[in-house]
Amino acid sequence: MNKIVAYIRSRLQPYYTAEEVSALSRIVCCDLLGQAPTDYYLGKDIALSPKKEQELEDILQRLSRFEPLQYIEGRTLFLGREFWVAPGVLIPRPETEELVELMLKEIPADARILDVGTGSGCIAISLAKELPDALVTAWDVSPEALSVARVNARKLQANVRFVECDVLACQVDEVGLYDVIVSNPPYVTEAEKADMEPNVLQWEPSLALFVPDDDPLRFYRRIAVLGRDMLADGGRLYFEINRAYGREMVEMLRTMGYVRVRVKKDLSQNDRFVIAEK
Ligand SMILES: C[S@@+](CC[C@H](N)C(=O)[O-])C[C@H]1O[C@@H](n2cnc3c(N)ncnc32)[C@H](O)[C@@H]1O
């Protein structure tokens, strides 16, 4: 093992499991310090300039404070496209890729789509790229998230209209304007905080994650209320949900008059998506 790898491992060992240390060492050397993967696996040493040594120190400091690697790298992949992510915006998750894949199988190519709580813009931008005839609008209450999403849309040349908007408070006069409303809103209850990893809890924005224990469905209820006006007849809601609330979601949406309400499981067999039709 080369000296730099041994050093990286010794610095990360107090904080991460052996597998995590091994994966992080490779990513730090190859992705962040620019070592060729073959040289890394052959155990060749890296000659670091003083500037690169300082960069390595910064990276190790950030990792030892459990900052997510995606924030350190400043990017993540979503459905094969690179998205810029930074503190203040949620790191897109694989389940959300599944949601977009499901939508791409089901929605019309020229759908008018609203993404509520767009974060990095991963859902809206992916849909706009895959469905060039669709009209995509994306809302978020967070100016930080919207500025990241706008940069992502520009870099990826996606045509999305971004709007700063608090979905819980906004007045809407867009009647029948959308065929699809999609949302992956905050859905982690305060009670679930105890089970969360420090890289999520300490670094990802609370605004993107949490809902009160006594009202875990607040975003879905509000979006479904808006959807009764904003969706065209036959329009659909696509939600990513907390796996604990599939049954409650179905009951709520049926009570609100939605039809063909279905729950779909994610690849881990958890109730993860709910689809409903106006
Ligand atoms: C779970 S994140 C989802 C981000 C992105 N759509 C994704 O799937 O990675 C929820 C998003 O909802 C936004 N949000 C939270 N409260 C909101 C509100 N009242 N109105 C609009 N957006 C809100 C957050 O800023 C965050 O970007």
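Not measured: the values here are computed from a predicted model.

A few words now on the UniProt feature "domain: Release factor glutamine methyltransferase N-terminal" (unreviewed entry) in the protein chain. The sites that UniProt annotates as "domain: Release factor glutamine methyltransferase N-terminal" (unreviewed entry) are residues 5-74. For residues 5-74, the end-to-end C-alpha separation is 22 Å, with 69% helix and 0% strand making up the annotated structure.

As summarised here, the arrangement of the seven strands in space is β5-β4-β3-β6-β9-β11-β10, forming an open sheet in which the pairing is mixed. This sheet does not close on itself; its edge strands, each paired only once, are β5 (160-164) and β10 (259-265). Neighbour-to-neighbour, the strand axes of this sheet turn through a mean angle of 15 degrees, independent of strand direction. Pairing between strand β3 (residues 112-116) and strand β6 (residues 178-183): four bridges, direction parallel. For Val116, the partnering residue across the bridge sits in β6 and is Ser183.

Overall, the coordinates contain 22 salt bridges when judged by the stated rule. Its salt-bridge partner being Arg236, residue Glu106 comes within 3.5 Å of it at the nearest N-O pair. You can see Glu106 sitting in helix α6 (residues 94-106) and its partner Arg236 sitting in strand β9 (residues 231-240), a full 130 residues away along the chain. Residue Glu106 is classed as partly exposed on the basis of its relative accessible area, which comes to 25%. Note on Arg236: relative accessible area 23%, which makes it partly exposed. A salt bridge links Glu190 to Lys193, with the shortest nitrogen-to-oxygen separation between them at 3.1 Å. Look at Glu190 and you get partly exposed, because its relative accessible area is 37%. For Lys193, a relative accessible area of 30% translates into the label partly exposed.

Core analysis: the biggest nonpolar cluster contains 37 residues, and Trp139, Ile181, Leu237, Met249, Leu253 and Tyr258 have the highest contact counts within it. Counting only elements with at least two residues in this core, the list comes to β3, β6, β8 (210-211), α11 (218-230), β9, α12 (246-255) and β11 (271-277). When sequence neighbours within four positions are dropped, the list of residues in contact with Ile181 reads Leu114, Val116, Ile223, Gly227, Met230, Leu231, Arg236, Leu237 and Tyr238. Counting 31 residues, the second largest nonpolar core, distinct from the first, contains Met103, Ile107, Leu156 and Tyr238.

The next thing to look at is the packing of helix α1 (residues 3-12) against helix α2 (residues 18-32). The contact between α1 and α2 brings their axes to 10 Å, and the two run at 130 degrees. One element, α1, and the other, α2, form an angle in the oblique class. Considering how the two elements wind past one another, α1 and α2 form a crossing that is right-handed. Where α1 approaches α2, its residues Val5, Ile8, Arg9 and Leu12 are matched on the opposing element by Val21, Ser22, Leu24, Ser25, Val28 and Cys29. Residues belonging to the contact of α1 with α2 are distributed by class as follows: seven nonpolar, two polar and one charged.

Right, let's talk about the UniProt feature "domain: Methyltransferase small" (unreviewed entry) in the protein chain for a bit. UniProt feature "domain: Methyltransferase small" (unreviewed entry): in the numbering of this structure it lies at residues 101-192. Across residues 101-192, the secondary structure splits into 30% helix and 26% strand, with the terminal C-alpha atoms separated by 28 Å.

Let us now look at the packing of aromatic side chains. Note on aromatic pairs: each is described by the distance of the centres and the angle between the planes. Applying the stated criterion to the full structure yields five aromatic pairs. Here the aromatic rings of Tyr15 and Phe66 are separated by 6.0 Å at their centres, their planes lie at 85 degrees, and the arrangement is edge-to-face. On the criterion of sequence distance, the pair formed by Tyr15 in the loop between α1 and α2 and Phe66 in the loop between α4 (50-64) and α5 (69-73) is long-range, its members being 51 residues apart. Clustering of aromatic rings is evident, with ring pairs tying together Tyr15, Tyr16 and Phe66. The ring of Phe210 carries the charged tip of Lys193 above its face, separated from the ring centre by 4.7 Å.

Take unusual backbone geometry next. At Arg260, a residue that is not glycine, the phi angle is positive and equals roughly 45 degrees. Structurally, the position occupied by Arg260 is in strand β10. With a phi angle near 65 degrees, Gln269 is a residue other than glycine that sits in the positive phi range. Here Gln269 lies in the loop between β10 and β11.

Cut-offs and rules
Residues numbered from 1 in each chain as written. Predicted model: local features only at pLDDT ≥ 70, side-chain atom pairs only at ≥ 80, totals over all residues. Heavy atoms only, no water. UniProt positions renumbered as here; feature names shortened; annotations may be inferred. Helix = DSSP H or I, 4+ residues; strand = E, 2+ residues; numbered from the N terminus. Pairing = 2+ DSSP bridges. Axes fitted to C-alpha atoms, helices over the stretch in contact; angles between N-to-C directions. Salt bridge = Lys/Arg side-chain N within 4 Å of Asp/Glu carboxyl O. Buried < 20%, exposed > 50% of the residue type's maximum accessible area, 1.4 Å probe, protein only. Core = buried A, V, L, I, M, F, W, Y, C linked by side-chain atoms within 4.5 Å. Contact = heavy atoms within 4.5 Å. Parallel < 35°, antiparallel > 145°, perpendicular 65-115°, else oblique. Left-handed = near helix turned anticlockwise from the far one by under 90°. Nonpolar A, V, L, I, M, F, W, Y, C, P; charged D, E, K, R; others polar. Phe/Tyr/Trp six-rings, centres within 6.5 Å; stacked < 30°, edge-to-face > 60°. Lys NZ or Arg CZ within 6 Å of the ring centre and 35° of its normal.

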